[in-house]
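Residues per chain are reported as follows:
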Amino acid sequence: MTDAPFGTVLSALVTIFNDDGSVDLEQTQKVAKHLVDHGHDGIVVSGTTGESPTTTPAEDGEILAAVKDAVGDRAKIVAGIGTNDTRTTLQLAKQAASIGADGLLLVTPYYNKPGERGIREHFRTVASATDTPVILYDVPGRTGSPITLDTYREAITWDTVVAVKEAAGDFPRGTRLLDLGYSLYSGDDALTLAWLAHGAVGVISVAAHVLGDQTRTMIDAFAASDIETARKTYARMLPAIDAIMGVPNYGATTAKAALELTGVIDNRNVRGPLVALDDDEVEALRAGLEASGLL
């Protein structure tokens with residue numbers, strides 16, 4: 001395995017909300033501590049699973065500072081800064097750097113579909129604004145705009161760009177990215193073992209909110225060439241992964257409900273347009289967690 005600049009087991013941390021919709025910093029810190037106690041050596045705050053489209057830049061700064069204060073001495077803390085507005089993304093990047101983030105997660109601008117030249121200029125502008133290392137995030141299923149190989153070729157020559165979170169499921173291109181010099185993180189829990197076989201250094205996960213120890217076991221076993229242990233661990237994880245990631249209403253909603261079912265938090269509040277899992281969805285999630293031995 002190549003260099004893992006931000007650790008090997010990371011989750012895109014959920015942001016916990018009070019019943020009135022305000023950010024609950026104390027409970028968000030509690031989840032961060034839980035993750036680090038269970039296999040994690042990195043955390044991403046204010047990613048999609050942290051409901052970043054519905055948090056303000058001021059809230060993002062408060063969340064980052066709180067998580068860094070809680071676990072920054074035990075794990076790398078990466079700040080999600082991606083938006084579809086370059087000015088806002090610059091503001092978030094500079095704020096995160098000033099707070100002391102170990103890395104920046106920079107997603108392709110979504111919805112307005114700027115085209116390859118616009119995406120490249122957006123990345124260049126933000127990556128050059130601070131000295132903080134950058135992970136490019138390719139998730140065309142959410143953004144509608146994939147990162148082209150030509151953009152990857154150019155971006156790796158910039159001083160701060162060092163890694164990619166790959167959520168496009170493109171294994172041949174991932175191999176090419178590794179050859180270009182990127183550290184590659186799986187952005188899809190169900191594909192992490194396969195990505196390890198292709199040279200990935202780790203995962204930026206959703207399911208590891210409740211599968212942290214198992215994810216750590218799988219990755220460490222693979223790194224030690226104990227492929228059978230890695231495979232068996234992955235097989236035991238699959239029912240929970242499917243339950244968390246295999247439904248339309250997934251991400252923050254399922255991660256929070258899983259944390260509630262396992263007793264880490266006491267609510268599954270989300271901000272609209274997301275809606276919390278209903279009773280039937282919770283029962284389906286419970287069945288998946290039980291099948292993986294988590295309940």
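Residues numbered from 1 in each chain as written. Predicted model: local features only at pLDDT ≥ 70, side-chain atom pairs only at ≥ 80, totals over all residues. Heavy atoms only, no water.

1. Looking at the packing of aromatic side chains
This structure, assessed with the given rule, holds three aromatic pairs. For the pair F6 and Y185, a centre-to-centre distance of 6.4 Å together with 45° between the ring planes defines the contact as tilted. Of this pair, F6 sits in the segment before β1 (9-12) while Y185 sits in strand β7 (residues 183-186), placing them 179 residues apart in sequence. Accessibility classification places F6 together with Y185 in one group, the buried group. Ring geometry for Y152 and Y182: centres 5.4 Å apart, planes at 85°, overall edge-to-face. Taken together, the residues Y152 in helix α6 (residues 149-155) and Y182 in the loop between α7 (171-180) and β7 connect sequence positions 30 residues apart. The exposure classification of Y152 matches that of Y182, with both residues buried. (Phe/Tyr/Trp six-rings, centres within 6.5 Å; stacked < 30°, edge-to-face > 60°. Helix = DSSP H or I, 4+ residues; strand = E, 2+ residues; numbered from the N terminus. Buried < 20%, exposed > 50% of the residue type's maximum accessible area, 1.4 Å probe, protein only.)

2. Section: the pattern of salt bridges
The tally for this structure, following the rule as stated, stands at 17 salt bridges. Note that E51 is salt-bridged to K256, the shortest N-O span being 2.6 Å. Taken together, the residues E51 in the loop between β2 (42-45) and α2 (57-71) and K256 in helix α11 (residues 252-261) connect sequence positions 205 residues apart. Neither E51 nor K256 differs from the other in exposure class; each is buried. R268 is the salt-bridge partner of E260, the closest N and O atoms lying 2.6 Å from each other. Look at the salt bridges and you will find they share partners, linking E116, R120, E121, R124 and E154 into a network. (Salt bridge = Lys/Arg side-chain N within 4 Å of Asp/Glu carboxyl O.)

3. Quick notes on empty space enclosed by the protein
Overall, the coordinates contain two cavities of 30 Å³ or more when judged by the stated rule. Within this model, the largest cavity holds a volume of roughly 60 Å³. Put simply, the parts of the chain that give the lining of the largest cavity at least two residues each are α2, β3 (76-80) and α3 (86-99). Split into classes, the residues belonging to the lining of the largest cavity amount to six nonpolar, four polar and one charged. In this structure, the second largest cavity occupies an estimated 30 Å³ of space. (1 Å grid on protein atoms, 1.4 Å probe; cavity = no way out; pocket = protein on both sides within 12 Å on 5 of 7 lines; lining within 4 Å. Points joined across faces, edges and corners; volume = space filled by probe spheres on them. Nonpolar A, V, L, I, M, F, W, Y, C, P; charged D, E, K, R; others polar.)

4. Examining the layout of surface pockets
Its volume calculated, the largest pocket comes out at about 800 Å³. Of all the elements in the fold, those that place two or more residues in the lining of the largest pocket are β4 (103-107), α5 (140-143) and β8 (202-205). Classifying every residue of the lining of the largest pocket by side-chain character gives 17 nonpolar, 14 polar and six charged.

5. Focus on the nonpolar core
One finds I43 and L136 to be the most contacted residues of the largest nonpolar core, which totals 79 residues. Ranked by residue count, the leading element in this core is helix α10 (residues 227-245), at seven residues. Among all residues touching I43, those that are not within four sequence positions of it are L10, S11, L13, A32, L35, V36, V67, V71, K76, I77 and V78. The next biggest cluster of nonpolar side chains, apart from the first, holds 14 residues, and it includes F6, V44, V107 and Y185. (Core = buried A, V, L, I, M, F, W, Y, C linked by side-chain atoms within 4.5 Å. Contact = heavy atoms within 4.5 Å.)

6. Some remarks on the UniProt feature "site: Part of a proton relay during catalysis" (unreviewed entry) in the chain
As recorded in UniProt, the feature "site: Part of a proton relay during catalysis" (unreviewed entry) lies at T48 and Y111. These annotated residues cover 64 residues of sequence, but their C-alpha atoms sit close together, with the largest distance between any two at 14.3 Å. Considering only the annotated residues already named, the ones lining the largest pocket are T48. If you trace the backbone, T48 turns up in the loop between β2 and α2. Owing to a relative accessible area of 32%, T48 belongs among the partly exposed residues under this scheme. Residue classification places Y111 among the exposed residues on the basis of a relative accessible area of 74%. (UniProt positions renumbered as here; feature names shortened; annotations may be inferred.)

7. Thoughts on the pairing of β2
Burial of the side chains of β2 extends over both faces: G42 and V44 are buried on one face and I43 and V45 on the other. Across three bridges, the pairing between β1 and β2 is parallel. Within the sheet, the bridge partner assigned to A12 lies in β2 and is V44. Handedness of the crossover is the feature at issue here: the chain leaves β1, passes through helix α1 (residues 25-37), returns alongside β2, and the resulting connection is right-handed. Following the backbone out of β2, through α2 and into the adjacent parallel β3, one traces a crossover that is right-handed. (Pairing = 2+ DSSP bridges. Right-handed = clockwise from strand over helix to strand, strands pointing away.)

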